[in-house]
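Given next are the chains, with one letter for each unit.
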Amino acid sequence: MIADPGEEPPIRPPEPPQAPASTTAKVVSIKPEEIVEYPKMRPEVQKLVRESLKLTALGLGYTYGSNNPENKGMDCSGTVQRALKAAGVKNPPRSSYTIYQWAGAAGNIRLARGVESLEDEAFQKLKPGDLLFWEGTYATAKRKPPISHVMIYLGTWKKDGKPVIFGASSGRRFRGKKIHGVSVFDFALPRKESKAKFVGYGPV
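Predicted, not measured: the structure shown is a model, and the values here were computed from it.

Rules used throughout
Residues numbered from 1 in each chain as written. Predicted model: local features only at pLDDT ≥ 70, side-chain atom pairs only at ≥ 80, totals over all residues. Heavy atoms only, no water. Helix = DSSP H or I, 4+ residues; strand = E, 2+ residues; numbered from the N terminus. Buried < 20%, exposed > 50% of the residue type's maximum accessible area, 1.4 Å probe, protein only. Contact = heavy atoms within 4.5 Å. 1 Å grid on protein atoms, 1.4 Å probe; cavity = no way out; pocket = protein on both sides within 12 Å on 5 of 7 lines; lining within 4 Å. Points joined across faces, edges and corners; volume = space filled by probe spheres on them. Pairing = 2+ DSSP bridges. Core = buried A, V, L, I, M, F, W, Y, C linked by side-chain atoms within 4.5 Å. Axes fitted to C-alpha atoms, helices over the stretch in contact; angles between N-to-C directions. Phe/Tyr/Trp six-rings, centres within 6.5 Å; stacked < 30°, edge-to-face > 60°. Arc of directions from axis to C-beta.

Caption draft 1: Representation of the overall build of the chain. Counting its secondary structure elements, the chain contains three helices and eight strands. Counting helices and strands in the order they occur from the N terminus, the chain gives α-β-β-α-α-β-β-β-β-β-β. The burial tally for the chain puts 51% of its 204 residues in the buried class. Across the chain, every contact between residues at least 6 apart in sequence was considered, and the portion connecting residues at least 24 apart equals 60%.

Rendered as structure tokens:
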């Protein structure tokens, strides 16, 4: 897999629940057929990818505390929860931390702390549909580990051969474009000096 430079989510203090979206949505949407691995994905993974990309086509902004498109925006875990539900997963958890616990309880988390390149062997088993977890993207209270961000790995974009992920953020990028909302994003590991850290990944 090719490492892709980019920006991790900005470090920010906890936000109050139901904070409104701060700016107009600026998002990117692609089609499932634009993903190299799509034809060979298992049917349930294809469905998750399709449902995720449907959400990117709605022009939704980033709204902390929301998991409902009717609010014109959602946060990272609300977006992932919504995609999982649409794909047929029963009762997926709501927060990035509880999603991490849920995946971990099934023994599905592959840790990649301290890894500096997507070409590292730690990512050899990464597959489309896997959940991706970060910590330190903003202050958390008593979470151990302090998971604060979750997204979904989509696969490789045909247009440039680089990895793409799905979720919601205000500040991450897609191929040089700063994103605000529910979108496709670059898969970029945090810089070494960043407080944000990539933790690991695993299947639903």
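Caption draft 2: Region of interest: the layout of surface pockets. Considering only enclosed or pocket space, the second largest pocket measures out at about 250 Å³ in volume. The biggest single contributor to the lining of the second largest pocket is helix α1 (residues 43-56), with three residues.

Caption draft 3: Structural detail: the pairing of strand β7 (residues 177-186). Burial within β7 is extensive, with eight of its ten residues counted as buried. Note: strand β6 (residues 163-174) against β7, nine bridges, orientation antiparallel. Its bridge partner lying in β7, F166 is registered against V184. Two successive antiparallel strands, β6 and β7, enclose a turn made up of two residues, where R175 displays a positive phi of approximately 50°.

Caption draft 4: The arrangement of the nonpolar core in detail. Among the nonpolar cores identified, the biggest contains 56 residues, and F123, L132, F133, F187 and F198 are the most heavily contacted of them. Residue assignment for this core shows that the elements contributing at least two residues are α1, α2 (76-86), α3 (96-105), β4 (131-135), β5 (147-156), β6, β7 and β8 (197-202). At six residues, β5 tops the list of elements feeding residues into this core.

Caption draft 5: Spotlight on the sheet that holds β7. Spatially, six strands are ordered β3-β8-β4-β5-β6-β7 in an open sheet, and the strand pairing comes out antiparallel. Of all strands in the sheet, those with a lone pairing partner are β3 (110-111) and β7, marking the two edges. Each of β3, β4, β5 and β8 is contacted by α3, which is oriented at about 65° to β5, the strand it contacts most.

Caption draft 6: Examining unusual backbone geometry more closely. Following K144, the chain continues to P145 via a peptide bond in cis, the omega torsion being -5°. Its location among the elements puts P145 in the loop between β4 and β5. Notably, N91 is not glycine yet its phi reads approximately 50°, a positive angle. Looking at the element boundaries, N91 is found in the loop between α2 and α3. N91 sits in the exposed class, given a relative accessible area of 70%.

Caption draft 7: Layout of the packing of aromatic side chains. In this structure the tally under the stated criterion is ten aromatic pairs. Put simply, the rings of F123, W134, Y153, F187, F198 and Y201 pair up and form one aromatic cluster.

Caption draft 8: Spotlight on α3. For α3, every residue scored as buried is listed here: S96, Y97, I99, Y100 and A103. Buried residues in α3, looked at end-on, bunch into an arc of 160°, giving them a common side. Contact partners of the buried residues in α3: α2, β3, β4, β5 and β8. The first or second residue beyond α3 is G107, which carries a positive phi of 70°.

Caption draft 9: Molecular detail of the environment of V199. With respect to the helices and strands, the residue V199 is situated in strand β8. Overall, V199 belongs to the buried group, its relative accessible area being 0%.

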